[in-house]
Structures are given as structure tokens and as C-alpha cells.
Amino acid sequence: MTVKEFYDTIGGDYNAALTRLMDDGFITKLLGKFKADQNYANLTVALDGGDGKAAFVAAHTLKGLALNMGMDALGNAASELTEALRGDSPDVEKGKSLLPAVVTEYKKVNDALGQLLP
């Protein structure tokens, strides 16, 4: 799988990623770091435990990583979840209802990373 095919598979924006990150080699390096990132795991644990503030931090960070790397579908799903958790009284139940969209998009990214990265 090429980097462009990776972005096509996940509903991402290859051209935006290429503009920001300059070349496929650097994109691939950052995608390897994304694969090791723990924010998705932190998000699911925090929501399961009812910790809206920790879930907000993890969702917000995941959103930023995804959008900066051109992973639009994941970034948009994480953005919606982030907004549900924003503020002094995070809506954990709404966050839990929005989590399946993030899970679906994260799985697409993770599966595609398995094909792209050795």
C-alpha cells in the first residue's frame, strides 16, 4: 500500500498531509508514531470509567493528531466527541454515544496502518 492509498482507504486528505508534512517518508514516520500513540486507549478507558475530563483531553489530542495528519474522517469523529466533553461538566453519556463513530474510524486507520507499515 502506498501512502496515497492509505489516505484513500481511510477517507483522509493525502494532499493536505503532503502540503503540511512535505513528503511520503516523513508522513510514514509520523504515521508510525501515531500507531504507537495512547490517546485512543486513554479515551476509551476514561469514558468507561466515567472520567469526562480525562476523556476530553484524550479526544482533543486524538482530534488534533488526526486532523493535522489529514485523517479527516477520524478527526471529524473525534471533534464531535471532543465538543460533547468540553466544559466544566462533560456529558459522558453523550460522549459514550459518540464513541462508536470514533471506534469505526480508528479501526479503519489502524487496519490501513497495518498494511502500510512493516
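Calculation criteria
- Residues numbered from 1 in each chain as written.
- Predicted model: local features only at pLDDT ≥ 70, side-chain atom pairs only at ≥ 80, totals over all residues.
- Heavy atoms only, no water.
- Salt bridge = Lys/Arg side-chain N within 4 Å of Asp/Glu carboxyl O.
- Helix = DSSP H or I, 4+ residues; strand = E, 2+ residues; numbered from the N terminus.
- pLDDT = per-residue confidence, 0-100.
- Phe/Tyr/Trp six-rings, centres within 6.5 Å; stacked < 30°, edge-to-face > 60°.
- Buried < 20%, exposed > 50% of the residue type's maximum accessible area, 1.4 Å probe, protein only.
- Axes fitted to C-alpha atoms, helices over the stretch in contact; angles between N-to-C directions.
- Parallel < 35°, antiparallel > 145°, perpendicular 65-115°, else oblique.
- Left-handed = near helix turned anticlockwise from the far one by under 90°.
- Contact = heavy atoms within 4.5 Å.
- Nonpolar A, V, L, I, M, F, W, Y, C, P; charged D, E, K, R; others polar.
- Arc of directions from axis to C-beta.
- Polar contact = N/O pair within 3.5 Å; in protein donor to acceptor, adjacent residues only side chain to side chain.

This part takes up the pattern of salt bridges. One pass over the full model with this rule turns up 5 salt bridges. We note a salt bridge from D111 to K107, for which the minimum N-O separation is 2.9 Å. Residue D111 and its partner K107 are both found in helix 7 (residues 92-116); the two are separated by 4 residues, about one turn of the helix.

Mean pLDDT for the chain: 95, with 100% of residues reaching 70 or above. Summarising per-element confidence for the chain, the mean pLDDT is lowest in helix 2 (residues 14-21) (92) and highest in helix 4 (residues 39-48) (97).

Our next topic: the packing of aromatic side chains. According to the stated counting rule, one finds 4 aromatic pairs in the structure shown. Geometrically, the ring pair formed by Y7 and Y14 is tilted, given 6.0 Å between the ring centres and 55° between the ring planes. In this structure, Y7 and Y14 share a single accessibility class: buried. Ring geometry for Y40 and Y106: centres 3.8 Å apart, planes at 0°, overall stacked. Placement of Y40 in helix 4 and of Y106 in helix 7 is noted, with a sequence separation of 66 residues between them. Each member of the pair Y40 and Y106 is classed as buried. Through a chain of ring-to-ring contacts, the aromatic side chains of F6, Y7 and Y14 assemble into a single cluster.

Time to look at the packing of helix 1 (residues 3-10) against helix 7. Close contact between helix 1 and helix 7 brings their axes to 9 Å; oriented N to C, the two are set at 160°. In this view, helix 1 runs roughly antiparallel relative to helix 7, as classed from their interaxial angle. Crossing angle aside, the handedness with which helix 1 passes helix 7 is right-handed. Every residue of helix 7 that contacts helix 1 at V3, F6, T9 and I10 is listed here: E105, K108, V109, A112, L113 and L116. Of the residues contributing to the contact of helix 1 with helix 7, the split by class is 7 nonpolar, 1 polar and 2 charged.

With that out of the way, let us pick up the environment of K108. As for its position among the elements, K108 is in helix 7. On the basis of relative accessible area, K108 is assigned to the partly exposed category, the value being 38%.

To continue, consider helix 2. Turning to helix 2, its buried residues number three or more, namely Y14, A16, A17 and L21. With its buried residues spanning 165° around the axis, helix 2 presents them on a single face. Away from the buried face of helix 2 by more than 90 degrees, exposed residues N15 and T19 are located. In this fold, the buried residues of helix 2 make contact with helix 1 and helix 3 (24-36). Looking at where helix 2 begins, the residue whose side-chain oxygen comes 3.3 Å from the main-chain nitrogen of N15 is D13. Phi for M22, located one or two positions after helix 2, is positive at around 80°.

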